[in-house]
Amino acid sequence: DMPDNFESPNFFCDKFVIWYETPEQLATFRSVSDQYFECIDRGGTFREFVPHGFSKATGMKFVLDYYHLSLEDTYAFGDSNNDLAMLKYAPNSIAMGNSLPVSLFNEVSHVTTKASEDGIVNALRHFGFI
């Protein structure tokens, strides 16, 4: 159960999102949040926050270490800035064709088609899995 007192030392969250109306609101919010969380720009007035030191890349590393798997054999699929750390970490990184921002395409080893146009299947074919 989620504690009902957000200032409780037992309160924990692994990420949260906000939408804001003015840049000043974001700046005010970040004047407090930045000491605890990394802010990920999801475009427009949408931001995602994750605790410092944690990302999809650290999650991948945990699983790889736990199961004694090789980083060289990993593949990561993503479509937005919240996937960037994971895509940079994985040597085989795939951006979906509908990714936003499109600058994500410059950070990956392969760009596939849109998710709605069999993007995962097409990437699996590209890498010889099917």
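Look a little higher up for the structure.
Report follows, based on the coordinates. (Residues numbered from 1 in each chain as written. Predicted model: local features only at pLDDT ≥ 70, side-chain atom pairs only at ≥ 80, totals over all residues. Heavy atoms only, no water.)

Structural notes on the overall build of the protein chain
Phase 1: Looking only at helices and strands, one finds 4 helices and 6 strands in the protein chain.
Phase 2: In the protein chain, the order of α-helices and β-strands from amino to carboxyl end is β-α-β-β-α-β-α-β-β-α.
Phase 3: Principal axes of the C-alpha set define a box for the protein chain whose edges measure 50 × 35 × 25 Å.
Phase 4: Surface exposure of the protein chain reaches about 8800 Å², of which carbon and sulfur atoms provide 56%.
Phase 5: In the protein chain, the 9 positive side-chain charges and the 18 negative ones have mean positions that sit 6 Å from each other. (Helix = DSSP H or I, 4+ residues; strand = E, 2+ residues; numbered from the N terminus. Areas by Shrake-Rupley, 256 points an atom, 1.4 Å probe, with all protein chains shown as cover. Lys, Arg positive; Asp, Glu negative; His and termini not counted. Charge placed at Lys NZ, Arg CZ, Asp CG, Glu CD.)

Thoughts on the sheet that holds strand β3 (residues 46-51)
Phase 1: With antiparallel pairing, 3 strands are arranged side by side in an open sheet as β1-β3-β2. This sheet does not close on itself; its edge strands, each paired only once, are β1 (16-19) and β2 (37-41). Neighbouring strand axes in the sheet, compared pairwise and without regard to direction, differ in orientation by 30 degrees on average.
Phase 2: Sheet topology note: the β2/β3 ladder contains 5 bridges and is antiparallel. Bridge pairing in β3 places Glu38 opposite Val50.
Phase 3: In this fold helix α1 (residues 23-33) packs onto β1, β2 and β3, with an angle of close to 5 degrees to the strand it touches most, β3. (Pairing = 2+ DSSP bridges. Axes fitted to C-alpha atoms, helices over the stretch in contact; angles between N-to-C directions. Contact = heavy atoms within 4.5 Å.)

Comments concerning helix α2 (residues 56-67)
Phase 1: Over its 12 residues, α2 extends 17 Å from the first C-alpha to the last, a length consistent with the 16 Å expected when each residue adds 1.5 Å.
Phase 2: Along α2, the residues classified as buried are Ala57, Met60 and Leu64. Each buried residue of α2 lies within a common arc of 60 degrees when the element is viewed along its axis, so the set occupies one face. The outward face of α2, more than 90 degrees from its buried face, is lined by the exposed residues Phe62 and Tyr66.
Phase 3: In this structure, the buried side of α2 is in contact with β4 (75-80) and α3 (84-89).
Phase 4: Sitting at the head of α2, Ser55 places a side-chain oxygen 3.1 Å from the backbone nitrogen of Ala57.
Phase 5: At the C-terminal side of α2, His68 shows a positive phi close to 55 degrees. (Expected span 1.5 Å × (residues − 1). Buried < 20%, exposed > 50% of the residue type's maximum accessible area, 1.4 Å probe, protein only. Arc of directions from axis to C-beta. Polar contact = N/O pair within 3.5 Å; in protein donor to acceptor, adjacent residues only side chain to side chain.)

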